[in-house]
Amino acid sequence: LRLGLKIATVVSRIHEAGWVWRDCKPTNFLITRSERVRPIDFEGACPVNHPSTVPWGSKGFASPESLTSAKRENNVPEDLYALGATLHFVLTGVLPAQTSNGKKTITLSRIPKQLAKTIMGLLARNPEQRPNIATVILRLSSCLHELRTI
């Protein structure tokens, strides 16, 4: 969970710098011995205020909308979705399963409910239903604090 919070913070800093990464996934992070998280592979990145309609992302981590060339306001929700898939993978060791009707189903039974709810929110099919990065960081911090006090 501590690593998940660091990953979310990295995504937040990328957005604060005015960029959308568009390829958030576990293999695009380097973790130092001191547990510093460094993102790599920005070839699909685009400025927040100049959204790209070029389909981008990695299978299992790419949002549904990132795989189309439809015009959109911005690409930030793509990073949020990929963050949800990344957190799911980091915490469970597996990607969220894709069901026949296109909805994500996740197996987070051993994860605190608030954390599972946050990940499920990030994986919402509708980009407008995904929590913003500040909310995600707040929830992850809260879950981490709760686990430390148990």
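For the structure, check the block above.
Now for a description of the structure that goes with this document.

Conventions we followed
Residues numbered from 1 in each chain as written. Predicted model: local features only at pLDDT ≥ 70, side-chain atom pairs only at ≥ 80, totals over all residues. Heavy atoms only, no water. Axes fitted to C-alpha atoms, helices over the stretch in contact; angles between N-to-C directions. Helix = DSSP H or I, 4+ residues; strand = E, 2+ residues; numbered from the N terminus. Parallel < 35°, antiparallel > 145°, perpendicular 65-115°, else oblique. Left-handed = near helix turned anticlockwise from the far one by under 90°. Contact = heavy atoms within 4.5 Å. Buried < 20%, exposed > 50% of the residue type's maximum accessible area, 1.4 Å probe, protein only. Salt bridge = Lys/Arg side-chain N within 4 Å of Asp/Glu carboxyl O.

This part is about the packing of helix 2 (residues 76-92) against helix 3 (residues 113-122). Packing of helix 2 against helix 3 brings their axes to within 7 Å, and their N-to-C directions diverge by 140 degrees. Overall, the two elements helix 2 and helix 3 adopt an arrangement that is oblique. Once helix 2 is placed against helix 3, the crossing between them reads as left-handed. Together, L80, Y81, L83, G84, L87, H88 and L91 of helix 2 and L115, I119 and L122 of helix 3 make up the contact between the two elements.

To continue, consider the environment of Q114. Of note, Q114 is situated in helix 3. A relative accessible area of 33% means that Q114 is categorised as partly exposed. It is 7.1 Å that separates the C-alpha atoms of Q114 and C143, two residues lying 29 residues apart in sequence.

A side chain with one charge can pair with a side chain of the opposite charge if their charged atoms come near. Taken as a whole and assessed by the stated rule, the structure comprises four salt bridges. Ionic pairing is found between R130 and E65, a salt bridge with its closest N-O pair at 2.7 Å. With R130 in the loop between helix 3 and helix 4 (133-148) and E65 in the loop between strand 4 (46-47) and helix 2, the pair connects residues that are 65 residues apart, well separated along the chain. Neither residue differs from the other here; R130 and E65 are each classed as buried.

Quick look at the environment of F61 now. Among the secondary structure elements, F61 is positioned in the loop between strand 4 and helix 2. Between the C-alpha atom of F61 and that of G44, which follows or precedes it by 17 residues, the distance is 14 Å. The residues touching F61, leaving out its near neighbours within four places in the chain, are C24, K25, P26, Y81, A82, A85, T86, F89 and L95.

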